[in-house]
Amino acid sequence: MKLPKKYKPAEAEQKWQRHWEERGIYKFDKFPDRPIYSIDTPPPTVSGKIHVGHVFSYVQAEVVARYWRMRGHNVYYPFGFDDNGLPSERLVEKEKGVKATDVGRGKFVEMCLELTKQYEVDFIAFWKSLGLSVDWEEDYSTIDPRSQRISQRSFLDLYKKGRVYRKEAPTLWCPECHTAIAQAEIEDAEHDSVFYDVAFSLGDEDLVISTTRPELLSACVAMFAHPDDERYSEIIGKSATVPIFGHEVPIMPDEKADPEKGTGLVMCCTFGDTTDIAWWQEHGLDTRIVFDEGGRMNELAPGYEGLSLSAARKKIVADLEAAGRLRGQRPITHVVNVHERCGTSIEFSVAAQWFVRVLDIKDEILEAGAKVQWCPEFMAVRFRNWVENLAWDWCVSRQRYYGVPFPLWMCKSCGEIVLADESQLPIDPTVADPPVEACPECGGELTPETDIMDTWMTSSCTPFINLGWGEEDSRVERFKKKGVDGGPEYMMDLRPQAHDIIRTWAFYTIVKGVLNEGKIPWRTAMISGHTLHPDRAKISKSKGATGAAPSDIIAERSADVVRYWASATRLGTDTVLVEEPLDAGHRLVVKLWNASKFAIMRLEDYDADAPRTLGVTDRWLLAELRLAATKATRSFGVCDYHGALEAGERFFWHDLCDNYIEIAKKRLYGDEGCDEAGRRGAQYALYQALLASLKLFAPIMPHITEEIHSLFFEERESVESIHVSAWPEPPDEWDDPEALEAGRIALAVIEGMRKVKSMSKVSVATPVGVLTVACDAETWRKIEPVSTELCDVSKAQSVVHVDVAGEGFVDTDIAGLQVAAELIEE
């Protein structure tokens, strides 16, 4: 048959996407007898539009899913949406122009559900347009009843195991989002600031401290000096007066005060940083929280009530200067902690919060992390560093509306906790009755917990959600596997995710695996990089940096080309969206089509059972194919899609297209002098090489490979789709070192001939009288059987051998092998 002149990706891609869905090509359990390969797919947060960063990481993971399906596995590849919690709330507030607190809990939750569902429809349509091989019947959202039930079940299990506690304690607080956050949700940012020298009073004496937070003067509860600092030895134990606000604070010794920093005296506020918290705890200091949940000054800062922290700072600095208590100021740039979601500087507040104990099991978490296969390997260091430097238990409560509720009530009188019964799950205690009418301890009234769980409490349950942990249709036992070398059980095979959420999603999921199930959640963690703007800033929805719309890029370039771009960067590496890899992907699509057109025309009468004779170059091609397939398989084994692509491209471009097709062209055409068995041998090599090339590229470029496969190979191979066909596993007889060496020597001669023509500035088609090869006798013996084919490729009348190179010879890639060509001018 004859392929159409041009491949039209826009038409073909939509056609195949419909076909795959209609035929259920990617359905889980399509082949129930096959071994299961399960993927804990990252559910994207429903907090804005999809950007190219999503394409980058999701394609990389999906390519691996396709590989395992072709390796004969029953691939469980579900897809979820992380549509609860703060990111989705902020989206609704932004798009609807409302504040959650203004519209009320019930109404706001309805708005969140409605808007996130709209976004999810668009998300699914986009992922399908990219060719993701997801079983869309296995989708979920982290706010759906089943996910809520599993998340609440996990919480109850942790509570009953003594891993959950509620405590009024200093907590990381975001004044913009009006909620507590966890340590993992903060990131460092460089901010310009000012060091202010402020004078406190001790009788008639001034005591000067340096601070970047004058707005916290009203929260000052002590002053500290190092016990060995002789400058202040005589005032230890006395009290100083805070300027403007007038309250007295004790002057105390502590080794954490640095004599070399500022004046050596430092004020302790509740709370400016973690050192303040440590002093507050160790010395039993008073608590003065001077701002409300929205970051505005309260009644403990008289004269500044209602001002934001930044406005209060300006006014207090002006008042200090007017009162003669400001002794100096100097600009600085320093690193501050900000909330990763909104970029707001973090404050510390005291409030009752729910925590999961993790600090006491850091060694256990590290041990579990060490059992995970991290791809690439260096990502294990990031996980280890995070755990080793962890300073806080996991704060899991949020003072928001939209999320999974805590399944519990508290006694108004004695504080007793009453848990929901598991049969009640999922439950919202603000609208449902508790399992008992009154407190079982004192008979007091029960009030529902109004906080919601941190979104990571549910996201960390994705392996549990995927497997239906504790559900009637649970797949936990079916999916349970032993680790490598009889190691620990793990729940799923693969977790793909980006490197920035190792400290959150990976860490919390491993914590849940250890605490809820006593096993690692997955065998392999595949860690991707980010797509960056040209200024190297990460593209993300939360920062409002969406970059080029991926749907527009697909419309312009095609899904396969975009997928090629995503696969052209090594795993774990950040990249910038530029034209070069997109152009390279387009060239590959065109070359696949054109090379296949030529090959299929020469293979129309191909008969796998016909007698054939394999020449040296046929055997060389099959040996190269065996090496390429082996490298691609080995690469995919460690999620190295890029290494697999390199192996496929080198074989397809260099070995098959640039050389073999040229070498075997006369035999494939059946020219005079070519015997039939030799033609059949060339057909066999070409058929195997083209089919394997399509399969090697199929995970990365599924549409063009399916199109070509369907037009020629589908019927011959008796398989309904290339994507459920067998991955290339070349037979042992293709392991042919002698032919491999001879073929590579022949290629070196051909490249030498091309170099001669290039140096002479003539076309590669320029005829040659005599092609002379200078090499030792043993090398010539290996390539003499292909001298006729060397003539054909070189357009030479003859090929001769000499022992020693003379004038006009050029070197080749093989030491001791030189080539000269007698060009015939036309």
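About the cut-offs
Residues numbered from 1 in each chain as written. Predicted model: local features only at pLDDT ≥ 70, side-chain atom pairs only at ≥ 80, totals over all residues. Heavy atoms only, no water. Buried < 20%, exposed > 50% of the residue type's maximum accessible area, 1.4 Å probe, protein only. Helix = DSSP H or I, 4+ residues; strand = E, 2+ residues; numbered from the N terminus. Pairing = 2+ DSSP bridges. Phe/Tyr/Trp six-rings, centres within 6.5 Å; stacked < 30°, edge-to-face > 60°. Lys NZ or Arg CZ within 6 Å of the ring centre and 35° of its normal. Salt bridge = Lys/Arg side-chain N within 4 Å of Asp/Glu carboxyl O. Axes fitted to C-alpha atoms, helices over the stretch in contact; angles between N-to-C directions. pLDDT = per-residue confidence, 0-100. Contact = heavy atoms within 4.5 Å.

Q: Would you explain the pairing of strand β9 (residues 220–225) in this entry?
A: Strand residues, when the strand is regular, have side chains that alternate between the two faces of the sheet. With respect to burial, β9 is a largely interior element, six of its six residues being buried. Taken together, the four bridges between β9 and strand β12 (residues 266–269) define a ladder with antiparallel strand orientation. If you follow Met223 over to β12, its bridge partner there is Met267. Summarising the sheet, β9 and strand β11 (residues 248–253) pair through three bridges and their orientation is parallel. Within the sheet, the bridge partner assigned to Ala225 lies in β11 and is Pro253.

Q: Any chance you could explain unusual backbone geometry here in plain terms?
A: What you tend to see is this: most non-glycine residues have negative phi, and most peptide bonds are trans. Following Thr270, the chain continues into Phe271 via a peptide bond in cis, with omega recorded as -5°. Inspection of the secondary structure assignment puts Phe271 in the loop between β12 and α7 (274–283). For the peptide bond that leads from Cys375 to Pro376, omega is -5°, which places it in the cis range. Inspection of the secondary structure puts Pro376 in the loop between β15 (373–375) and α10 (379–388). Backbone geometry at Lys761 places phi at a positive 60°, although glycine is not the residue there. For Lys761, the location among the structural elements is in the loop between α22 (737–759) and β26 (768–774). Phi is positive for Lys795, close to 60°, though the residue is something other than glycine. Looking at Lys795, the relative accessible area reads 41%, which means it is partly exposed.

Q: Please explain the packing of aromatic side chains as it appears in this structure.
A: The description of an aromatic ring pair uses the distance of the two centres, along with the angle that the planes make with each other. The final tally for this structure, using the stated rule, is 42 aromatic pairs. Ring plane angle 35° and centroid distance 4.7 Å describe the contact between Tyr58 and Trp127, whose orientation is recorded as tilted. One end of the pair, Tyr58, is in helix α2 (residues 52–70); the other, Trp127, is in helix α5 (residues 105–129), and 69 residues separate them in sequence. As far as the burial class goes, Tyr58 and Trp127 line up, both buried. Aromatic side chains Phe155 and Tyr159 sit 6.3 Å apart centroid to centroid with 35° between the ring planes, which places their arrangement in the tilted category. Placement of both Phe155 and Tyr159 in helix α6 (residues 145–160) is noted, with a separation of four residues, approximately one turn of the helix. Every member of this aromatic cluster is reached through a ring pair, and the members are Tyr58, Phe79, Phe81, Tyr119, Phe123, Phe126, Trp127 and Trp136. One cation-aromatic arrangement involves Arg495 over Trp505; the distance from NZ or CZ to the ring centre is 3.1 Å. Arg612 extends its terminal NZ or CZ atom over the ring of Tyr684, reaching a point 3.8 Å from the ring centre.

Q: How should I be thinking about the pattern of salt bridges in this particular structure?
A: One side chain can pair with another of opposite charge once the charged atoms of both are near each other. In total, this model carries 53 salt bridges according to the counting rule given. Among the ionic pairs, Glu445 bridges to Lys412, the shortest N-O distance being 3.8 Å. Note that Glu445 is positioned in the loop between β19 (417–419) and β20 (446–448) and Lys412 in the loop between β18 (408–411) and β19, a separation of 33 residues in sequence. Residue Asp618 pairs with Arg667 through a salt bridge whose shortest N-O separation is 2.7 Å. Here Asp618, found in helix α18 (residues 616–637), pairs with Arg667, found in helix α19 (residues 641–669); they are 49 residues apart in sequence, far enough to count as distant. As far as burial versus exposure is concerned, Asp618 and Arg667 are alike and both buried. Through salt bridges with shared partners, a single ionic network connects Arg149, Arg153, Glu422 and Glu471.

Q: Got a minute to help me understand the sheet that holds strand β22 (residues 490–498) in this structure?
A: The strands that make up a sheet pair up through hydrogen bonds in the backbone, lying either parallel or antiparallel. Spatial ordering of the open sheet is given by β15-β23-β22, a layout of three strands whose pairing is parallel. The open sheet is flanked by β15 and β22, the only strands paired with a single partner. When strand polarity is set aside, the average angle formed by the axes of neighbouring strands in this sheet is 15°.

Q: Quick question: what am I supposed to make of the confidence of the model for the chain here?
A: One rule of thumb: low pLDDT means the predicted coordinates there are not for detailed reading. Predicted confidence across the chain gives a mean pLDDT of 91, with 96% of residues reaching 70 or more. Within the chain, the lowest mean pLDDT, 77, falls on strand β6 (residues 179–180), and the highest, 98, falls on α18. When the criterion is pLDDT under 50, residues 541–546 qualifies, and its contacts beyond four places in sequence or with other chains add up to 18 contacts.

Q: What is the right way to read the sheet that holds strand β27 (residues 796–802) from this model?
A: Within the open sheet, the four strands sit side by side as β27-β26-β29-β28. Their pairing is mixed. Edge positions in the sheet fall to β27 and β28 (810–811), since each has one partner strand and no second. Here two bridges tie β28 to strand β29 (residues 818–823), and the two strands are oriented antiparallel to one another. Bridge pairing in β29 places Val810 opposite Val819. Packing against the sheet, α22 makes contact with β26, β28 and β29, and its axis sits at approximately 50° to β29.

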